[in-house]
There are 2 protein chains.
Amino acid sequence: MLHGYHGKILHVDLTAGALTVEEPGEAIYRKYLGGTGLGAYYLFKHTPPHADPLGPENTLSLITGPVAGAAIPGQSRVGAIAVSPLTGVVGEASGGGFWAAELKNTGFDGIVIRGQAARPVYLWVHDGQAELRDAASLWGKFAAEVEDAIRGELSDPRIHVLQCGPAAEAGVRFGALINNANRANGRSGMGTVMASKRLKAIAVRGSLRPHFADPKALSALARWGAQHLAESSVSGMHDFGTANVLLPQNLVGGLPTRNWSSGVFEGAGLISGPYMAETIRPATDTCFACVVACKPVTEVTEGPFSVERRYGGPEYETLATLGSYCGVSDVKAVARANQLCNMYGMDTISCGATVAWAMDCYEHGLITREQTGGIDLRFGNAEAMVRIVELIGVREGFGAVLGEGSARAAQALGVGQELVAAIKGRELPAHMPQVKRSLALMYAVNPGGADHTVSEHDPDYAGFPERMAELDLLDPQPANALNAEKVRYALYTQRLVSAVDSASLCWFVFGGAWQLYGPSQFVEAIAAATGWNVSLWELMKVGERRINLMRAFNARDGVGAEADVLPAKLLKPLVGGPSDGVAVPLEEFEAARATYYRMAGWDERGHPTRAKLEELALGWVADELGG
Amino acid sequence: MLHGYHGKILHVDLTAGALTVEEPGEAIYRKYLGGTGLGAYYLFKHTPPHADPLGPENTLSLITGPVAGAAIPGQSRVGAIAVSPLTGVVGEASGGGFWAAELKNTGFDGIVIRGQAARPVYLWVHDGQAELRDAASLWGKFAAEVEDAIRGELSDPRIHVLQCGPAAEAGVRFGALINNANRANGRSGMGTVMASKRLKAIAVRGSLRPHFADPKALSALARWGAQHLAESSVSGMHDFGTANVLLPQNLVGGLPTRNWSSGVFEGAGLISGPYMAETIRPATDTCFACVVACKPVTEVTEGPFSVERRYGGPEYETLATLGSYCGVSDVKAVARANQLCNMYGMDTISCGATVAWAMDCYEHGLITREQTGGIDLRFGNAEAMVRIVELIGVREGFGAVLGEGSARAAQALGVGQELVAAIKGRELPAHMPQVKRSLALMYAVNPGGADHTVSEHDPDYAGFPERMAELDLLDPQPANALNAEKVRYALYTQRLVSAVDSASLCWFVFGGAWQLYGPSQFVEAIAAATGWNVSLWELMKVGERRINLMRAFNARDGVGAEADVLPAKLLKPLVGGPSDGVAVPLEEFEAARATYYRMAGWDERGHPTRAKLEELALGWVADELGG
């Protein structure tokens with residue numbers, strides 16, 4: 001008997017309207033674990049080469065992990081993976097909340113969605129049952145409305161709903177999946193994929209609790225977490241949410257400002273965690289069974305920017321992208337824009353970064369007020385920022401252009417390509433490779449484009465040598481150079497984080513240097529849930545397998561090294577503050593990338609070699625790639 | 001404070017007669033652990049390129065591990081490593097008994113020996129002290145005599161002595177290091193290296209017990225071992241010693257017979273474990289604190305072949321090499337030859353295999369009775385076998401030729417090169433790649449030449465899927481084909497066994513499929529001894545580091561792929577029994593080797609790439625190699 005899993009994956013063919021249940025068997029679960037690891041397996045298996053991201057042939061997987069549903073922090077996450085309409089390559093995003101734990105209670109470990117419905121539908125999954133229901137009345141509605149409507153229709157206020165929003169329906173390429181009206185699988189347009197299939201939402205509710213092999217061990221680990229939270233590095237997140245990192249980033253010149261022209265923002269204090277707590281954040285929220293409780297709840301009842309509690313509040317990334325990226329220091333405006341992103345179902349990072357790009361163009365005279373429809377897109381214009389975000393949500397006017405994302409918008413308008421801060425078409429998140437040098441490499445080589453949640457960031461290393469030693473990272477790191485030791489550090493921590501993603505666990509909680517639980521406790525959690533005598537070696541290999549599957553997926557479409565490049569923005573010296581004059585040295589980056597490819601077992605095209613795939617028991621993938 | 005180590009390595013410069021103490025520091029210990037892992041580090045660091053194995057520039061390390069001295073099975077082993085006079089490349093051998101645990105009690109973790117003494121000396125190490133003493137009177141003496149003499153001279157009967165023998169002194173290239181008069185670091189001529197330095201013996205005695213981080217955890221693991229011995233696969237070794245495997249090997253056609261011409265031996269029953277127990281094995285012996293107690297004690301008081309208890313008894317390898325390899329089914333003759341090897345200090349594998357090669361040549365008329373000095377070297381001639389072994393020990397007559405090992409002897413005589421069963425000049429041990437196909441690969445690529453203790457053997461896999469799953473080996477193995485999955489299996493288990501060697505633990509006890517303790521318990525033992533939160537990932541990387549250091553050492557001398565080849569013998573079909581007609585398919589082997597190189601991160605020359613070395617934090621080695 002499987003522990004930690006129900007052993008069932010729900011397959012949804014929207015073209016045929018057919019629901020089938022697959023039982024993959026223990027070996028598949030152990031090899032891929034779940035989340036976007038198992039999702040990458042389905043993506044490669046079921047999606048033909050050169051698939052249209054918005055066509056019925058795209059495969060969207062939403063998969064939980066073996067610990068999901070246990071009363072322990074960091075487990076209620078769902079990994080979404082599909083071909084991205086934003087980047088054209090593999091796209092994936094992780095989301096928290098309560099939806100994942102509730103999906104687990106329905107008796108399914110995950111859902112794999114293909115095809116395209118003729119009319120809008122939603123999927124209702126409950127206690128081993130699933131059905132497709134009419135969603136005509138939900139189309140075009142905001143997140144909270146949809147949630148309420150489904151709960152009303154099914155007469156169960158405890159149903160959890162994951163959905164795409166009006167932006168995705170309208171074709172905005174960075175549509176997010178929203179659950180609880182305030183949690184997002186944000187990046188890469190996973191919401192847009194779901195909308196393209198005319199699947200509005202997935203409602204889940206169940207009482208089929210998963211069986212864990214060693215519930216006592218899980219409880220002990222949960223207890224340990226609660227007892228050690230205060231002394232851990234995530235305690236700041238407990239106090240102020242992810243916003244807690246904003247001022248420290250600014251202090252070292254690592255807060256992207258005015259479309260990555262500077263690493264310091266004079267208005268940082270006004271969009272910081274402490275300031276939010278004093279002004280617009282009356283409460284905090286949590287994911288299922290988590291003690292970290294890092295989610296902000298914001299409320300603004302007066303003034304031009306109203307914010308409802310239900311739509312949550314801006315994370316650090318959002319405070320940066322809709323704040324400092326745009327030169328906006330009005331935290332209420334940022335919170336309002338954040339709410340709009342949740343209402344319309346949009347990724348706040350790509351949205352904010354695209355607006356920042358447009359502002360940069362506007363300041364350079366590359367985009368005119370005529371083009372923006374009269375909006376004065378200057379850096380720092382809070383009102384304009386909020387206005388353009390709403391226009392993107394409805395995909396109207398200049399918002400229709402920006403809804404394509406910064407890279408496509410630059411191409412469409414024929415201007416500002418040198419100002420685009422994106423890799424593989426995915427906008428840069430708010431951690432700067434100029435001051436965390438390993439991120440230059442990780443942003444570039446990540447199969448899905450720039451991502452700050454794929455490896456440990458540089459400065460985290462020094463403070464936690466014990467946890468890094470478990471990864472065989474024993475040598476001191478150079479502070480700000482991409483030498484071979486730093487590449488090794490990036491490679492190993494990337495595999496660990498990839499394993500955490502395969503287990504669909506929260507990276508703030510599990511598996512790293514500064515997280516609540518270290519690598520060995522990550523292993524413990526998986527072992528306690530599944531009963532498998534898993535090792536860190538095995539989990540690192542699971543993580544490596546996921547990365548290689550995604551790279552192989554891209555390789556099958558001919559995408560490799562030529563896409564692992566840095567935007568011009570990162571090569572241009574920053575202005576002001578501690579990072580004044582700092583740029584990513586191109587030669588150092590290129591040497592590191594070559595070293596990384598070799599260490600990773602990829603060829604000069606950046607494609608996994610047959611030997612590497614075979615070493616990871618992915619011979620079937622090598623066969624599909626040929627050569 | 002270090003746990004599991006004293007933190008001190010004794011460096012002996014015999015040319016200068018200088019003894020110095022190095023404190024390598026925690027990072028070095030954690031990266032290389034000990035045994036031949038740490039020894040490989042010293043070998044690479046201190047030995048110049050193209051060093052004469054018998055010159056003062058060769059570096060001989062004798063290093064214990066972090067668990068040595070604890071009251072737990074499998075820890076009292078010392079790893080010896082140096083350039084081999086038999087092969088000209090890196091040579092290493094592990095030895096058990098009591099010496100390693102006693103060395104640990106002297107306050108040193110290991111001894112690194114360089115230079116060459118003007119006159120014979122021995123090293124006396126006791127409680128943090130060390131001195132070189134005159135050994136003129138010990139030169140030329142047999143193992144037991146030397147042991148008694150040193151104990152007498154130092155007035156301590158509990159001293160443990162590790163020594164080279166008269167064979168090594170005389171220049172036999174496969175001289176062993178013998179301790180307790182019956183335990184050997186057998187292979188690769190480590191005794192010959194010690195003799196070339198005019199260091200006769202190392203006597204150890206101490207009361208400086210190492211401090212372990214978690215003695216209770218070690219005790220619990222020891223208790224678990226005692227409780228689970230009977231149901232484990234090593235219980236047969238407890239009952240009959242390693243000889244226990246002889247009949248099963250014969251049953252599947254895997255007992256090398258008449259110089260590898262057949263896999264079945266009609267006299268197998270007469271050299272089997274049960275037969276030994278009934279006839280010449282009155283008792284069994286153990287290593288320090290081990291419950292497996294696999295060492296045979298043999299005694300023969302009548303007839304032509306006398307055997308004393310003190311010299312122990314033949315292991316499986318010896319029963320094969322001096323028995324079935326030579327067609328000899330007289331177990332008393334084999335036991336006598338085994339005693340001669342221990343008295344003279346010779347590797348029973350290379351010795352027996354070289355005799356078998358000579359017999360094969362003799363049967364083919366390539367070596368004449370005139371050349372052998374009248375000895376009728378027919379297969380099956382027990383008396384001739386014993387006689388020639390003694391002649392090798394004194395390096396006289398035809399024994400002087402065979403003391404060069406089979407490969408050099410064939411070259412010197414200009415005959416029988418196609419009959420040599422050796423790789424890199426090291427004679428094949430008694431596990432047949434024809435029926436355990438992964439060994440074809442492992443024998444070939446092992447840096448030190450053919451070795452049966454560097455990876456799990458094929459048939460062991462199926463019975464222990466749980467322990468293999470910890471290594472991420474989840475897929476069923478093809479029974480007898482060297483496909484990519486089998487290469488992967490060999491690669492991963494090789495790293496594990498290499499880690500066990502780095503920890504200087506016994507491979508019968510720790511770290512594998514059929515061993516007493518599985519991989520996770522190996523991790524537990526290291527963690528309990530050191531207090532480090534080590535992971536299987538980290539230990540696998542330590543193991544990989546050791547392999548790559550040794551390959552890099554060879555590469556620096558220009559040795560690589562051209563030496564990773566199979567002897568003609570393995571490509572010729574066997575005759576008789578279940579393996580009748582079976583040969584190692586050359587194409588399959590060559591494809592597997594190419595796959596292995598790629599998986600291992602080695603180039604087409606079989607040299608570790610710079611990227612692989614850097615990935616293993618061996619950038620300093622890459623710098624030495626250049627390129």
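The coordinates are above.
Residues take numbers from 1 onward in each chain, read along the sequence in its written order. Working convention: letters from A go to chains and numbers from 1 go to ligands, in the order in which they are written. The predicted nature of this model means local features are confined to residues of pLDDT at least 70 and side-chain atom pairs, given and counted, to a pLDDT of 80 or more, with totals for whole chains, interfaces and linings taken over all residues. For the side-chain quantities, the full set of heavy atoms in the structure was used; hydrogens and water were omitted.

Caption draft 1: Structural view of the relation of the copies chain A and chain B. Our superposition of the copies is a least-squares fit, built on the C-alpha atoms of residues whose pLDDT is at least 70 in both. The operation relating chain A to chain B is a screw motion whose rotation component is 180 degrees, with 0.0 Å of axial translation and a residual RMSD of 0.0 Å. The transformation relating the two chain copies, once decomposed into turn and shift, fits a two-fold axis. Scanning chain A for the C-alpha nearest the rotation axis identifies W537(A), at a separation of 2.0 Å. Residue by residue, 100% of the interface of chain A is reproduced at the interface of chain B, so both copies engage with the same surface. Contacts are assigned to residue pairs with any non-hydrogen atoms lying within 4.5 Å of each other.

Caption draft 2: Inspection of the interface of chain A and chain B at higher detail. On the chain B side, the residues contacting the 31 residues of chain A number 31 residues. Two parts placed together each lose some accessible area; with a 1.4 Å probe, that loss summed over both constitutes the buried area. Counting each side, the surface lost to burial between chain A and chain B is near 2900 Å², with a carbon and sulfur contribution of 59%. It is L474(A), W537(A) and E615(A) that lose the most area in chain A upon contact with chain B, and together they represent 25% of the buried surface on that side. We count a salt bridge whenever a side-chain nitrogen from Lys or Arg sits within 4 Å of a carboxyl oxygen from Asp or Glu. At the junction of chain A with chain B, the criterion picks out four salt bridges. Across the salt bridge formed by K31(B) and D475(A), the nearest N and O atoms sit 2.9 Å from each other. Under this definition, polar contacts are N or O atom pairs within 3.5 Å; protein pairs additionally need one hydrogen-donor-capable and one acceptor-capable atom, and for neighbouring residues in sequence, both atoms have to be side-chain atoms. Taken together, the connections running from chain A to chain B amount to 17 residue pairs in polar contact (both at pLDDT 80 or more). Three classes are used: nonpolar for Ala, Val, Leu, Ile, Met, Phe, Trp, Tyr, Cys and Pro, charged for Asp, Glu, Lys and Arg, and polar for all others, with Gly counted as polar. Here the residues of the side of chain A that touches chain B sort into 13 nonpolar, four polar and 14 charged.

Caption draft 3: Layout of the packing of aromatic side chains. In summary, the pairing rule links any two rings of Phe, Tyr or Trp, Trp by its six-membered ring, whose centres are within 6.5 Å, and it sorts them by plane angle into stacked for under 30 degrees, edge-to-face for over 60 and tilted for everything else. Enumeration over the complete set of coordinates arrives at 33 aromatic pairs over all chains. Ring geometry for W260(B) and Y325(B): centres 6.1 Å apart, planes at 80 degrees, overall edge-to-face. Separated by 65 residues along the polypeptide, W260(B) in the loop between α9 (246–251) and α10 (273–279) and Y325(B) in the loop between α11 (316–321) and α12 (331–344) bring together distant segments of the chain. Relative accessibility decides the category of a residue: with a 1.4 Å probe and only protein chains considered, values under 20% of the type maximum give buried, values over 50% give exposed, and everything between is partly exposed. A relative accessible area of 2% means that W260(B) is categorised as buried. One aromatic cluster in this structure is built from Y32(A), Y41(A), Y42(A), F44(A), F553(A) and W620(A). Positioned above the aromatic ring of F44(A), the side-chain terminus of R556(A) is 4.6 Å from the ring centre. Working definition: helices are DSSP H or I runs of at least four residues, strands are E runs of at least two. Numbering for both runs from the N terminus. Comment: the charge-over-ring label is applied if NZ (Lys) or CZ (Arg) is within 6 Å of the ring centre and within 35 degrees of the ring normal.

Caption draft 4: Seen up close, the sheet that holds strand β5 (residues 90–95) of chain A. Residue and element names in this part refer to chain A. Two strands pair under a simple rule: DSSP has to find at least two bridges between them. In space, the six strands of this open sheet follow the order β2-β1-β6-β3-β4-β5, with mixed pairing throughout. Looking along the sheet, the strands with just one partner apiece sit at the ends: β2 (18–22) and β5. Strand-to-strand twist of the sheet, defined as the mean angle between neighbouring strand axes without regard to direction, takes the value 15 degrees. Across five bridges, the pairing between strand β1 (residues 9–13) and β2 is antiparallel. Looking at the pairing, I9 lines up with E22 of β2. Every angle, taken between N-to-C directions, lies between 0 and 180 degrees, and every axis is a line fitted to C-alpha atoms, over only the stretch in contact when it is a helix.

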